[in-house]
Amino acid sequence: PIPMKKLLVCFLAVSLVSAYSAFSQGKFLKNVAKDVKGDILGSSGSGKKSVQPEPPCACNPAEEVFGLAKYNLVYSEVTIDVLDDGSFLVMDRLSQKYYIFKDGNQKGPYSEEDPAVAPYLGNSGSDESPAVQKYKQYISKAGEKYLIKFGGKSYGPYARVDAFAVTKSGDKFAATVVENIAVTDDEGKKMDEAIKKAKTQQEKMDLAMQYSQQMSQKMMAAGGAAGISAKLVTNIQGASFNPMTAAGYTADMKYDDILYLKFADIVDLRGNKIISMKQQDLGYKNVFVNTSNTVYAIYRDGTLTMSDGKSLTELFSPQLMRAEGKTYLAYLYYSPSKNAIMRCKIPF
């Protein structure tokens, strides 16, 4: 029988693993739980901690992105995201600090509000859209409006830039913009306050009618409904995407294109079908298309599944990248033997 002391330690260990599981996103504590169990029940042998095997998705050779011990980070307590420029945003849940790793160099720690990381988190406290916050190298303020500068050309000005995408090669872009708005945020707040301060119901109705007429006049001056409707701006010739009727687009599906999902088809901004998806694969957020448009991959909960039937497990942060003139679907995994984050690249 197992001594009472070991049973108590085992109970505490299992409780701790259960408590942290809500934050683990299903990819961190599996190996940690095995280690705890092995140490308590003596299955590691001779009092030595057993080394967990590499995950099924491990490859050889694999690139070491960064070691965890060097930066006093614990795998079960970090989340890792790949940024557009290929760098890695690492959040340490123990310290609530962020780090940026790129080409073997580390920057940080940063707080959540720090300008270096706030745009990637979408919570900088700014009234600007996430697209404006994230793509300031292309979008700049021009008075009360925004200008888009791309490839030596200027587009705008626009009252709003609601969405923005750039191909990974940096030669194509698409933006969802609104040229004019009937009422600004400040004007809307002042109108609301004035109506709230009205003493009678008749005064409120009069103010509402007055503001409605003002907005109608501004809308007509701005070109009618077309002037305040969302539209696509892009340097892709022949683009026919309508942001008023179609789902959102992304530059993450294919290395050098901007695509969106139309029913079961993945199409480009010109409306050309790239590849069709199987019915059971619809609804997944992370989808990738290979260079020849013959295979797509979907990612969910640590598993990467190809449309040709192949799959890999216990990985995270898949991303398309190019190296030595070839396109790859890269992904990260944790190596217990190296205590490091590793990267594999699949020709794609």
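Residues numbered from 1 in each chain as written. Predicted model: local features only at pLDDT ≥ 70, side-chain atom pairs only at ≥ 80, totals over all residues. Heavy atoms only, no water.

Undergrad: If you had to explain the pairing of strand β16 (residues 286-289) to someone new, which residues and values would you point to?
TA: Residues in a regular strand project their side chains so that they alternate between the two faces of the sheet. The sheet contact formed by β16 and strand β17 (residues 296-300) spans 4 bridges and is antiparallel. Across the sheet, N286 pairs through a bridge with Y299, a residue of β17. Taking the residues between adjacent antiparallel strands as the criterion, β16 and β17 are bridged by 6 residues, where N293 takes a positive phi near 60 degrees. (Pairing = 2+ DSSP bridges. Helix = DSSP H or I, 4+ residues; strand = E, 2+ residues; numbered from the N terminus.)

Undergrad: Please provide a residue-by-residue account of the sheet that holds strand β2 (residues 78-82), values included.
TA: Spatially, β2-β3-β4-β5 is the arrangement adopted by the 4 strands of the open sheet, whose pairing is antiparallel. What marks the edges here is a single partner per strand, and that holds for β2 and β5 (105-110). Taking the axes of each pair of neighbouring strands and ignoring which way they run, one obtains an average angle of 20 degrees across the sheet. In terms of strand pairing, strand β4 (residues 97-102) meets β5 through 4 bridges, oriented antiparallel. If you follow K102 over to β5, its bridge partner there is N105. (Axes fitted to C-alpha atoms, helices over the stretch in contact; angles between N-to-C directions.)

Undergrad: Describe unusual backbone geometry, naming the residues involved and giving the relevant values.
TA: With an omega dihedral of 5 degrees, the bond running from N60 to P61 counts as a cis peptide bond. In this structure, the amide linkage connecting G156 to the following residue, P157, adopts the cis form with an omega of 10 degrees. Unusually for a residue other than glycine, N339 sits at a positive phi of about 50 degrees. We classify N339 as partly exposed; its relative accessible area is 27%. (Buried < 20%, exposed > 50% of the residue type's maximum accessible area, 1.4 Å probe, protein only.)

Undergrad: Give a description of the confidence of the model for the protein chain that names residues and reports values.
TA: For the protein chain, per-residue confidence averages 82 on the pLDDT scale, and residues scoring 70 or more make up 78% of the total. By mean pLDDT, helix α2 (residues 29-41) is the weakest element of the protein chain at 38, and strand β15 (residues 273-276) is the strongest at 97. In this model, residues 1-47 is a region of pLDDT below 50 whose contacts with residues beyond four sequence positions or in other chains number 41 contacts. (pLDDT = per-residue confidence, 0-100. Contact = heavy atoms within 4.5 Å.)

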